[in-house]
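# Survey of secondary and tertiary structure
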Amino acid sequence: QQPVQSPQAVILREGEDAVINCSSSKALYSVHWYRQKHGEAPVFLMILLKGGEQKGHDKISASFNEKKQQSSLYLTASQLSYSGTYFCGTVAIGSSNTGKLIFGQGTTLQVKP
Amino acid sequence: EAQVTQNPRYLITVTGKKLTVTCSQNMNHEYMSWYRQDPGLGLRQIYYSMNVEVTDKGDVPEGYKVSRKEKRNFPLILESPSPNQTSLYFCASSFDRGNTEAFFGQGTRLTVV
């Protein structure tokens, strides 16, 4: 079953912050985050593993709450280049030996000047 | 350059005419998978492969076949395409299952008329 992302879409002004949430009905082994620009392939942002710490680079970071089976992606001081569709992907604990990666429906982020 | 290569990038075909979309990676990755992307539904997994001669169904396998005869190649076969298979298709590969970055191909936009 696909993880559920919220919100579905968000519009920001440059410099504003955003949070994208990803929720699963299954206990998770790992959570992946990807960004897709229009007409391009998804590009890896980060991965969070069960038992791991919050990750981040530059102004994009993410957390993973294993108990709640949720992950959040934090974008601070957004830039125009952050525009795109963000996908979370999850690997359930029961699928850790197969690595079956299931993606959410995506969150479209638009950053305006 | 490390990459996943899909061909063709665009394809228009008629209902029932067998087609193959090729996928090749040059990173010696064991794990490969196929996704389709449709508006509002995100990326849905069609098939995945954990190694040569090891393949398994994803969430939407109906109407598709795959093979993994060599580590680098993972073709997607539509034996009798139908209009509901019109979609954007992505091939992806990763070094390991579940806990490493997935690299995506450029995508194949398929239209079945």
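My aim in this report is to walk through the structure given alongside it, one point at a time. (Residues numbered from 1 in each chain as written. Chains lettered and ligands numbered in written order. Predicted model: local features only at pLDDT ≥ 70, side-chain atom pairs only at ≥ 80, totals over all residues. Heavy atoms only, no water.)

### Overview of the nonpolar core
Definition in use: Think of a nonpolar core as a cluster: buried Ala, Val, Leu, Ile, Met, Phe, Trp, Tyr and Cys residues, connected wherever their side-chain atoms sit within 4.5 Å. For every residue, the accessible area obtained with a 1.4 Å probe (protein chains only) is divided by the maximum for its type, and the residue is called buried under 20%, exposed over 50%, and partly exposed between those limits. The secondary structure listing takes helices from DSSP runs of H or I that are at least 4 residues long and strands from runs of E that are at least 2 residues long, numbered from the N terminus. Residue contacts follow a heavy-atom distance rule, with two residues in contact if any of their heavy atoms lie within 4.5 Å.
Counting residues in each nonpolar core, the largest one holds 20 residues, and the members touching the most others are W33, M46, L73, L75, Y82, Y86 and L109 of chain A. Of all the elements in the fold, those that place two or more residues in this core are strand 3 (18-23), strand 4 (28-36), strand 5 (43-49), strand 7 (60-65), strand 8 (70-75), strand 9 (84-92) and strand 11 (107-112) of chain A. Discounting chain neighbours no more than four positions away, the residues touching L109 of chain A are V10, L12, A18, L75, Y82, S83, G84 and Y86 of chain A. Counting residues in each nonpolar core, the second largest holds 19 residues, with V60, V66, F74 and V112 of chain B among its members.

### Quick notes on the interface of chain A and chain B
Quick note on the threshold: Values labelled buried area give the accessible surface lost by two parts on being combined, using a 1.4 Å probe and summing over both. Should a side-chain nitrogen of Lys or Arg be within 4 Å of a carboxyl oxygen of Asp or Glu, the pair is scored as a salt bridge. By the criterion applied in these results, polar contacts are pairs of N or O atoms within 3.5 Å in which, for protein atoms, one can donate a hydrogen and the other can accept it, and in which residues neighboring in sequence qualify only through two side-chain atoms. Note that Gly is not counted as nonpolar here; it falls among the polar residues with everything else outside the nonpolar set of Ala, Val, Leu, Ile, Met, Phe, Trp, Tyr, Cys and Pro and the charged set of Asp, Glu, Lys and Arg.
Each partner contributes residues to the interface: chain A has 24 residues there, and chain B has 24 residues. With both chains or domains summed, chain A and chain B bury close to 1,800 Å², and 55% of this area falls on carbon and sulfur atoms. Here K100 of chain A ties to D59 of chain B by a salt bridge, and the two come within 3.3 Å at their closest N and O atoms. Counting across the interface, chain A meets chain B through 6 residue pairs in polar contact (both at pLDDT 80 or more). For the side of chain A that touches chain B, the element with the most residues is strand 4 of chain A, which contributes 5 residues. Its residues assigned to classes, the side of chain A that touches chain B shows 12 nonpolar, 10 polar and 2 charged.

### Let's talk about the layout of surface pockets
Filter applied, for reference: We place a 1 Å grid over just the protein atoms. Points where a 1.4 Å probe fits but has no way out form a cavity, open points with protein on both sides within 12 Å along at least 5 of 7 lines form a pocket, and any residue with an atom within 4 Å of a point lines it. Grid points are joined across faces, edges and corners, and a volume is the space filled by probe spheres set on the points.
In this structure, the largest pocket occupies an estimated 590 Å³ of space. Looking at the largest pocket, it is lined by 25 residues, and the ones nearest its centre are Q36 and H38 of chain A together with Q37, L88 and R109 of chain B. Elements with a contribution of two residues or more to the lining of the largest pocket: strand 9 of chain A together with strand 4 (31-38) and strand 9 (87-94) of chain B. Partitioning the lining of the largest pocket into residue classes produces 5 nonpolar, 15 polar and 5 charged. The wall of the second largest pocket is formed by 18 residues, among which A41 and P42 of chain A together with F104, G105 and Q106 of chain B lie closest to the centre. At the level of secondary structure, the elements contributing two or more residues to the lining of the second largest pocket comprise strand 5 of chain A together with strand 1 (4-7) and strand 10 (103-104) of chain B. Here the residues of the lining of the second largest pocket are counted per class, giving 10 nonpolar, 5 polar and 3 charged.

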